[in-house]
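Understanding the architecture of this molecule
Spelled out from the first residue to the last, the chains are:
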Amino acid sequence: MGPWGQPERPIGPDLPIQLTHIPGGFGQLWVAYVTTVVLSLLTLTVYRFWGMTRIRRQLWSRVVLLDDPFEYTGSGWELFIGFLKVMFYIVLPVTLIIAGLNFALQSMGLFTLEQIIGFITAVGFYWIVEVAIFLRFRYRANRTSWRGIRARVNGNATDFAGRALLLAAGVAFTGGILYPYAHAFLMRYKLNCLSFGGLKVRSSLSSRNLYGRFFLCSLLSMVLGFILLFSFVISTFTGAISGTSVFTPGTAVGIDFITGLLLAPFALAPFAWYWAKFYRAAAQSVLIGEDQIDVAYDVTGWQLLRYAAGNWALIVFSLGLLWPLTWIRKIELICNCFRINREISVEALLQEAYDPTNVGEELGGGFEIV
Amino acid sequence: MTRPMSARNLAEASKLSSDQFDDQSSARGASDAAYFFDGHTALKHPVTVTFHTAHFTITLLDGGAPVECPYTLSRRIQPFLPAEHVALRPNNHSGARLVLVEPTLIDRLRRHAPEVLDPPFLRRSRLRRWAAITGTLVAVMAVIFVLVPAVSSVFGFLVPDTTKRAVGARTVQQIFEPAGLCIAEAGTQALKGLVDQLASTVGVDEDIAIHVTQFPMVNAFALPGWHMVLTEKLIETAESSAEVAGIIAHELGHMKLNHPTEAYFRRGLLSAVVDAIFGGGLGFESVAALVITFSYSRDDEAAADDIAINALNDAGITTQGIADFFNREAKLPEGLQKMMVNLEWLSTHPSNQGRRQIALEQGTGRNQALSPEGWRALRKVCAK
């Protein structure tokens, strides 16, 4: 029987299988969000671990697959302990060593070495952030369960971070040309580490079909960026928005400047079509389990653009008060676009081993909930 | 035969004696009343549930041994949708899940084990959570206000003088030189003479490197390694040589107390602590660092003021100059002044009116710091 009393739907005939999002619940989510923000401010942000957990539990519980909701099984305590580990084992020692080295080099007048240390520090922090990205992915997957069966990420965070670092260097040296390759490589790496209930995910994602779209979007983005920059300069000097220009003595041009800054991200708008193609290709490249279940993520550039612009407007015009709506919109987008094209044998969904790793969330997660 | 709810810690349930069985509470035969996931596969099992005094039993309608679950080892999953249903899980990492659909079953559970629906562990967990948060805050405060200053003092004391001098010289080179350094000979000589005179009265037996920079602000800085920097605008706005002398004596006070080197370490350590606590990404770091830095350099400022007034008294220089400086600094709009008095705890310096009062009350000298010629030369120190 299904949880709403209806007979359990046979999985086979009603293909494709789609994720559904239970509507509503914004009030509860908003209360959880505001409570988290207020208590985080009052507790020097220490409350954030419990607040984020509370929010995630609400969000996860509204996503339904085959009549049963997903469950977030992480806890605030785990995140708190992970935070303490990272603080004492990584952040404090690394910062003290770097500060000490810099002080020693300054005192010895070895200023060239100081710059080298600065470079090594920047590279080291990039590597740590990539490690954190992988660990975060691993933690969230392992704390996500459906019908009690959890996902799992195997693979090595340091190996992932090392490759990400090399690829970032490659992207920098090639002036961005390597970006689609790096993007596809890292996504493929993560997908190939993922399994759900014993069903291993296999991805053969290639960047070959992404390059045309990437170059076109880059070109359009540059043109749009130039137009925005030009309009911004003209507006700042003529006061097209505020009505006052820099040539009017004693007037401020703040509104024009701020408007320019807020509109700057729109130069990246053409990349919505690149990302849409990337997500579609990533989903198409995936086969799950022995039965080679294939999935689709039918997102379009317009959908992604509407999603990003809508989130931008919600955050900017509500001064952050409607931030929780952006999480709901993300989940809705995923539910609307994601499809499983072949039947799943629920008997084959076997439990994954519990992964006790609990670090990574605090090294660059910020308020990224979903 | 019974089997545990898939977790090892549920195994003890099978040892429960039959006298705990409460047959009145059993709900049988309703295959849509509840369903169960055993935690091994994603198969959904229709079940019946019978409630006993200390545990409940899950009987799978599609076969298999019954599962016994003590209430004490069961947790409610919250939130769970639809909200009218109740989902339970063991209190470990097992994936076993029981979902009660039928309201009568939920009522029976409430009668037998209300603590499962409103679990005391959640209340305990909240207490534990707030204890941890409070403990963390106390620890952080102790680190910021006790450990960091103490460690900075020790580091500041241990650093060799040559290292401090190199760091000071480097800071001047990196920050103040690009804005332009003033080197007019007569002004530099007058300034150096004044600094040396005050250094001996303060009790600093070191060769002070004094710099005047065209950095666009009214300020003075004491750097590690006996480097002192005055800004051109500070000298321009000063109304007397006694005023400049008061500021120099104040900076010498910082140097005598080793504040510049301590501040160097304090900033580094605080930055590490703040980065670690605030985790990045939320944008609180800079505000927090500012507040923390503010609130505990006030003691340093007061100590440097004490030394400065004594030094001016020993040199016979009037404290009227430094009092005038504080007075001018205090001349803010009335509303802002009131706010500054209210926010004194937040400021790096004690209130300017208070400092002016102390300077006037404790000052005994009557002379200017420089001759009229010396003062004229100092005011032209940046002239090309």
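How each quantity is defined
- In this convention, every chain numbers its residues from 1, walking through the sequence in written order.
- Numbering of ligands from 1 and lettering of chains from A proceed in the order in which they are written.
- The model is predicted, so local features are restricted to residues of pLDDT at least 70 and side-chain atom pairs to those at 80 or more, both for listing and for counting; the totals for chains, interfaces and linings are taken over all residues.
- Hydrogens and water are ignored here; the side-chain numbers use all heavy atoms of the structure.
- Secondary structure is summarised from DSSP: a helix means a run of H or I of at least four residues, a strand means a run of E of at least two, and numbering begins at the N terminus for each.
- Note on exposure labels: buried denotes an accessible area under 20% of the residue type's maximum, exposed denotes more than 50%, and partly exposed covers the range between, all computed with a 1.4 Å probe on protein chains only.
- Contacts between residues were defined by any pair of non-hydrogen atoms, one from each residue, lying within 4.5 Å.
- Here the accessible surface of atoms and residues is derived via Shrake-Rupley with a 1.4 Å probe, and residues count as covered only by protein chains that are part of the display.
- Only strands joined by at least two bridges in the DSSP assignment are considered to pair.
- In this analysis, axes come from line fits to C-alpha atoms, helices being fitted only over the stretch in contact, and the angle between any two N-to-C directions falls in the range 0 to 180 degrees.
- Residues belong to a common nonpolar core when they are buried Ala, Val, Leu, Ile, Met, Phe, Trp, Tyr or Cys residues joined through side-chain atoms within 4.5 Å.
- Where a domain begins and ends is set by an automatic assignment or by a domain database.
- Here, expected helix span is obtained from the residue count minus one, scaled by 1.5 Å.
- Note on patches: the residues involved have over 30% relative accessible area and no salt bridge, like charges join within 9 Å, and the nonpolar side chains Val, Leu, Ile, Met, Phe, Trp and Tyr join within 5 Å.
- Just to be clear on terms, a salt bridge is a Lys or Arg side-chain nitrogen sitting within 4 Å of an Asp or Glu carboxyl oxygen.
- Residue-level confidence of the predictor is what pLDDT reports, using numbers from 0 through 100.
- Here the word oblique covers every angle except those under 35 degrees (roughly parallel), over 145 (roughly antiparallel) and from 65 to 115 (roughly perpendicular).
- By the definition used in this description, the sense in which the near helix is turned from the far one sets the handedness, with an anticlockwise turn below a right angle giving left-handed and a clockwise turn giving right-handed.
- Polar here means any residue other than Ala, Val, Leu, Ile, Met, Phe, Trp, Tyr, Cys and Pro, which are nonpolar, and Asp, Glu, Lys and Arg, which are charged; Gly is therefore polar.

Once that is clear, we can look at the overall build of chain A. When helices and strands are tallied, chain A shows eleven helices and eleven strands. For chain A, the residues scored as buried account for 47% of the 370 residues in total. Sequence separation of 24 or more characterises 72% of the internal contacts of chain A that already satisfy a separation of 6 or more. If you sum the accessible surface of chain A, you get close to 17,600 Å²; carbon and sulfur atoms cover 71% of it.

Here we come to the sheet that holds strand 7 (residues 194–196) of chain A. Residues and elements named next belong to chain A. One open sheet accounts for eleven strands, arranged 1-11-10-9-8-7-6-5-4-3-2; its pairing is antiparallel. Two strands bound the open sheet, and with one partner strand each, they are strand 1 (17–18) and strand 2 (20–21). Relative to strand 7, strand 6 (residues 149–153) is paired through three bridges, and the arrangement is antiparallel. Counterpart to alanine 151 in the pairing with strand 7 is phenylalanine 196. Strand contacts of helix 2 (residues 48–60): strand 3 (63–65), strand 4 (68–72) and strand 5 (144–146), with the helix running at about 165° to strand 4, the strand carrying the most contacts.

A:Leu59, A:Leu65 and A:Trp146 are the most contacted members of the largest nonpolar core, which totals 79 residues. No fewer than three residues from each of domain 2 (125–151) and domain 3 (154–379) of chain B sit in this core. Apart from the residues within four sequence positions on either side, A:Leu65 is in contact with A:Ile17, A:Gln18, A:Leu19, A:Phe70, A:Trp146 and A:Ile340. Membership of the second largest hydrophobic core comes to 45 residues, among which are B:Leu191, B:Ala242, B:Phe325 and B:Ala359.

In this section: the sheet that holds strand 9 (residues 209–213) of chain B. Residue and element names in this part refer to chain B. With respect to topology, three strands assemble into an open sheet ordered 9-11-10, the strand pairing being mixed. Bordering the open sheet on either side are strand 9 and strand 10 (220–223), each of which pairs with just one other strand. Taking the axes of each pair of neighbouring strands and ignoring which way they run, one obtains an average angle of 20° across the sheet. Bridge count for strand 9 against strand 11 (residues 227–231) is five bridges, and the pairing is parallel. Bridge pairing in strand 11 links threonine 213 to threonine 231. Relative to the sheet, helix 4 (residues 161–176) contacts strand 9, strand 10 and strand 11, its axis offset from that of strand 11 by approximately 25°.

All names here are of chain B. Taking 1.5 Å per residue as the helical rise, helix 7 (residues 241–256) with its 16 residues ought to reach 22 Å, and the 22 Å between its terminal C-alpha atoms agrees with that figure. In terms of residue burial, helix 7 counts as a mostly covered element, since 15 of its 16 residues are buried. One or two steps after helix 7, the chain reaches asparagine 258, where phi turns positive at roughly 65°.

What follows concerns a nonpolar patch on the surface. All names here are of chain A. Residues Leu219, Met222, Val223, Phe226, Ile227, Phe230 and Ile234 make up a contiguous nonpolar surface patch of roughly 750 Å² in combined accessible area. Mapped onto the secondary structure, phenylalanine 230 falls in helix 7 (residues 211–238). Residue classification places phenylalanine 230 among the exposed residues on the basis of a relative accessible area of 52%.

With that out of the way, let us pick up the pattern of salt bridges. Within the structure shown, the criterion is met by 16 salt bridges over all chains. Of the charged contacts, one joins A:Arg143 and A:Glu78 as a salt bridge, the two residues approaching to 3.0 Å between their closest N and O atoms. Here A:Arg143, found in the loop between helix 4 (111–142) and strand 5, pairs with A:Glu78, found in helix 3 (residues 76–108); they are 65 residues apart in sequence, far enough to count as distant. For the residue pair A:Arg143 and A:Glu78, the accessibility class agrees, reading buried in each case. The shortest N-O distance in the salt bridge between B:Arg355 and B:Asp305 comes to 2.6 Å. Residue B:Arg355 is located in helix 12 (residues 352–362), and its partner B:Asp305 is located in helix 9 (residues 285–315); the two are separated by 50 residues in the primary sequence. The exposure class assigned to B:Arg355 is buried, which follows from its relative accessible area of 7%. Its relative accessible area of 12% is what places B:Asp305 among the buried residues. Residues joined in a network through salt bridges with shared partners are A:Asp68, A:Arg147 and B:Lys44.

Moving on to the confidence of the model for chain B. Residues and elements named next belong to chain B. Looking at chain B, the pLDDT average stands at 80 and 79% of residues meet or exceed 70. Long-range and interchain partners of residues 1–30, a stretch whose pLDDT sits below 50, account for 74 contacts in this model, where long-range means more than four residues apart. Residue range residues 280–285 is modelled with pLDDT below 50. Its contacts to residues more than four positions away, or to other chains, number 14 contacts. Per the prediction output, this complex has pTM 0.74; the corresponding ipTM is 0.79.

Our next topic: the pairing of strand 4 of chain A. Residue and element names in this part refer to chain A. Along strand 4, five of the five residues are buried, which leaves the element largely enclosed by surrounding structure. Note: strand 3 against strand 4, two bridges, orientation antiparallel. Residue pairing in the sheet places leucine 65 in a bridge with aspartate 68 of strand 4. Linkage of strand 3 to strand 4, two consecutive antiparallel strands, is achieved through a turn of two residues, within which leucine 66 is found at a positive phi near 50°. Bridging between strand 4 and strand 5 involves three bridges; their strand directions are antiparallel. From the neighbouring strand, glutamate 71 faces strand 5, where its bridge partner is serine 145.

What follows deals with the packing of helix 5 (residues 185–202) of chain B against helix 7 of chain B. Residue and element names in this part refer to chain B. At their nearest, the axes of helix 5 and helix 7 sit 10 Å apart, and the two run at 50° to each other. Relative to helix 7, the element helix 5 lies oblique. The handedness of the crossing between helix 5 and helix 7 is right-handed. Taken together, the residues of helix 7 that come into contact with helix 5 (itself represented by Leu191, Leu194, Val195, Leu198, Ala199 and Val202) are Ala245, Ile248, Ala249, Leu252 and Lys256. Looking at the contact of helix 5 with helix 7 residue by residue, the class counts come to ten nonpolar, no polar and one charged.

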